[in-house]
Structure formats: C-alpha cells, structure tokens
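Here's the letter readout for the chains.
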Amino acid sequence: MNVQRKLTGHNKDLGGGFMVRRLLPAVQRQSVGPFIFFDHFGPVTVQPGASHDVRPHPHIGLATVTYLFEGAMMHRDSVGSVQRIEPGAINWMTAGRGIVHSERAPEDLRNKAYVNHGLQLWAALPLAYEEGAPGFSHTPASAIPVVSVGGAEVRVLIGKAFGVTSPVKTFSKTIYLDIQLAENAALQLPALAEELAIYPVEGDVTVDGEPVAAGTMATLAAGATVTISSSAPARLVVIGGEPLDAPRFIWWNFVSSRKERIVQASDDWEAQAMGRVGGETEFIPLPERKFTVS
C-alpha cells in the first residue's frame, strides 16, 4: 500500500485557550523529510480583547515555517525582524545557534473579531547548519508560484513541483505544497522526495482509493506516485523532503542532534542570555521540569 501510516494527532493548549492539533512528532513517526513538528491551528474566531499572543521564547537547531490560510500575526525576533504575517506568505525563521521571537495579534485586529487559521511547522536544520547564524526570511503570497493541474490548484510554497520552483531558500531538499481540489477532481502526485506526507486541511480525500479524513496525516511509501481525489471541494498540504541526516532530540522549543546542546540552551535561556526582542518586556519562562542528559 502507498499509504504507510495515518497519524491522527492530538490537541494541545498553548496557553490562554489557544488550541492546536499536533501531528508531528508522533510515536509512530518523528519526522517527514526535515519536518519534525506540525501544528494546525484554527479555524477559530478570535473575539475582541482575546489574547492568543505568544510571548518571546527561544529556539535552536531548527527553522520555523509559518503559513496562514486566514488571519494575521506580527512576528518580531532578536535579529531585528518585524514582519506582519498574512495568508499565503511563507515565513521562514532560521534559529541556528539561537534566536528569540514573539508572535502577537496585530494592533489593528485587537479590538475586532477575526478568524485565525494556519500551520506552524519546524524543519530540523542539517548537521552542518545546526549552529549557523540565525535569520528571518519573508516571501509574500504574490511571489509563491501557482500552477493548475487538472481540477487542482497547486501553490508551491517550498521546493520544486509540477514544473515550477518556489523562491524560498532552504538548507536541504524540502517540499511544501498547498493544494485545492475542485469537486470530483483528482491529482496525480509524483514522488517529489524520498519522504512525503499528505494532510487534508479542509475536506476528506482519498489517496489511491484509501480514505484520509480531514485532520489526519497520511505518510506515503518511498518512491510512490499516488492519486489524490475528492468528491467535494477539499484543501490539503503535502510536506516532505530528504530524510534527516541524524536523529534529533526535541525538548520544549529546542532541537539538536546533541542532548548536551539542549541543556546548554536551557541554561542560556534561564540566564536570559539568548538575545532580546525589541519592544518586548515579557518572556515565556523555562519549564520547571528541565531536560537532563541520561
């Protein structure tokens, strides 16, 4: 079978009632290509005065990849980036040896009701770049290539597919597609990378006739070309790439190939020695239960 596993994920409260559906990492599968973390939030209506702000917090060894279907957020980080994130854009933040960032509601939306809906992914950086320089890159929606394939519209967010290439720069082969299927449409998805997974965001689909419900991640067999179809309009993403070059340890917001590095990052954050976000006075403290090397 070309569908290897179906990951149903679990709900997690990030604080203040901000709920996400977390698909990766999972017991059955830690990663798909470089992606080691996959959160789906919303669609949720944020009421006036409600706070879904994420206060400043640190990262190492990874890149955050933020993509919105609806809503908006303000990104600020310790390398001086200030960016309003809106639907259709790809926002890639390289943590490398360490970065601090916050994600807050834009001021113009704080007293309005609006819908927030999107995906937050983490990509593990290859070993050669784990301790590289931190940075931030914004690619607007207008720069993302779009191609029509039969009854499907494919936005190539990251990587190369269906004859077009995204301008987003990565550190290893990475695939990230946003696909909208029309009613009774079918799309043949080639083996774009060694590891691939399909995640229906809205609407159920079938993969080679195998049902995959919305909110379920289906990982694919290596080298498989599959047909994705739906009897009703549906939206899905495809993620993947080349496999990780070494196992990763994940604790809180830190990712590394070395346990000792996570301990060091924890000590650095506790000492507030990882940098600061301009204009911010708050921060998320280190969890009480610390990571240990055993």
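Structural data are supplied above this passage.
Residues numbered from 1 in each chain as written. Predicted model: local features only at pLDDT ≥ 70, side-chain atom pairs only at ≥ 80, totals over all residues. Heavy atoms only, no water.

(A) View of the sheet that holds strand β6 (residues 62–70). Strand order in the open sheet made by the 7 strands is β2-β3-β4-β11-β6-β9-β12, with antiparallel pairing throughout. Of all strands in the sheet, those bounded by a partner on one side alone are β2 (10–13) and β12 (135–139). Strand-to-strand twist in this sheet, taken as the mean axis angle between neighbours without regard to direction, amounts to 20 degrees. (Pairing = 2+ DSSP bridges. Helix = DSSP H or I, 4+ residues; strand = E, 2+ residues; numbered from the N terminus. Axes fitted to C-alpha atoms, helices over the stretch in contact; angles between N-to-C directions.)

(B) Region of the structure containing empty space enclosed by the protein. Going through the model one piece at a time under the given rule, you end up with 1 cavity of 30 Å³ or more. Approximately 80 Å³ is the volume attributed to the largest cavity. Residues that form the lining of the largest cavity fall into these classes: 5 nonpolar, 3 polar and 3 charged. (1 Å grid on protein atoms, 1.4 Å probe; cavity = no way out; pocket = protein on both sides within 12 Å on 5 of 7 lines; lining within 4 Å. Points joined across faces, edges and corners; volume = space filled by probe spheres on them. Nonpolar A, V, L, I, M, F, W, Y, C, P; charged D, E, K, R; others polar.)

(C) Focus on the pairing of strand β8 (residues 82–85). Sheet topology places strand β7 (residues 73–77) next to β8; 4 bridges connect them, and they run antiparallel. By the bridge assignment, His75 is partnered in β8 with Gln83. Connecting the antiparallel pair β7 and β8 is a turn made up of 4 residues, with Gly80 showing a positive phi of about 95 degrees.

(D) Just the side chain of His40, in detail. Its place among the elements puts His40 in strand β4 (residues 35–46). Here His117 takes part through its side chain, which lies 2.8 Å from a polar atom of the side chain of His40. At 2.7 Å, the side chain of His40 forms a polar contact with the side chain of Tyr199. (Polar contact = N/O pair within 3.5 Å; in protein donor to acceptor, adjacent residues only side chain to side chain.)

(E) Looking closely at the nonpolar core. Core analysis: the largest hydrophobic core is formed by 29 residues, its most contacted members being Leu177, Ile179, Leu181, Leu189, Ile198 and Val238. Taken together, the elements giving at least two residues each to this core come down to β14 (152–158), β17 (174–181), β18 (185–189), β19 (195–202), β20 (205–207), β22 (217–220), β23 (226–230) and β24 (234–241). In terms of residue count, the dominant contributor to this core is β17 (4 residues). Not counting chain neighbours up to four residues away, the residues in contact with Ile179 comprise Ala152, Glu153, Val154, Leu187, Ala234, Arg235, Leu236 and Val238. (Core = buried A, V, L, I, M, F, W, Y, C linked by side-chain atoms within 4.5 Å. Buried < 20%, exposed > 50% of the residue type's maximum accessible area, 1.4 Å probe, protein only. Contact = heavy atoms within 4.5 Å.)

(F) Representation of helix α1 (residues 259–270). Between its first and last C-alpha atoms α1 spans 17 Å; for 12 residues at 1.5 Å apiece the expected length is 16 Å, and the two agree. Three or more residues of α1 are buried, namely Arg261, Ile262, Ala265, Ser266 and Trp269. The buried residues of α1 all sit within an arc of 140 degrees when viewed along its axis, so they share a single face. Residues of α1 that are buried make contact with β5 (54–59), β10 (99–104), β25 (249–251) and β26 (254–256). Gln272 occupies a position one or two residues after α1 and carries a positive phi of about 55 degrees. (Expected span 1.5 Å × (residues − 1). Arc of directions from axis to C-beta.)

(G) Focus on the packing of aromatic side chains. Counted by the stated rule, this structure contains 11 aromatic pairs. Taking the centre distance of 4.0 Å and the plane angle of 15 degrees together, the rings of Phe37 and Trp122 count as stacked. Here Phe37, found in strand β4, pairs with Trp122, found in strand β11 (residues 114–124); they are 85 residues apart in sequence, far enough to count as distant. The two residues Phe37 and Trp122 agree in class, both being buried. Between Trp251 and Phe291 the ring centres are 6.2 Å apart and the planes differ by 50 degrees, which places this aromatic pair in the tilted class. Highlighted residues: Trp251 in strand β25 and Phe291 in the segment after α1, separated in sequence by 40 residues. Of the two residues, Trp251 and Phe291, neither departs from the other in class, the shared state being buried. Among the aromatic side chains, those forming a connected cluster through ring pairs are Phe35, Tyr67, Phe69 and Tyr176. (Phe/Tyr/Trp six-rings, centres within 6.5 Å; stacked < 30°, edge-to-face > 60°.)

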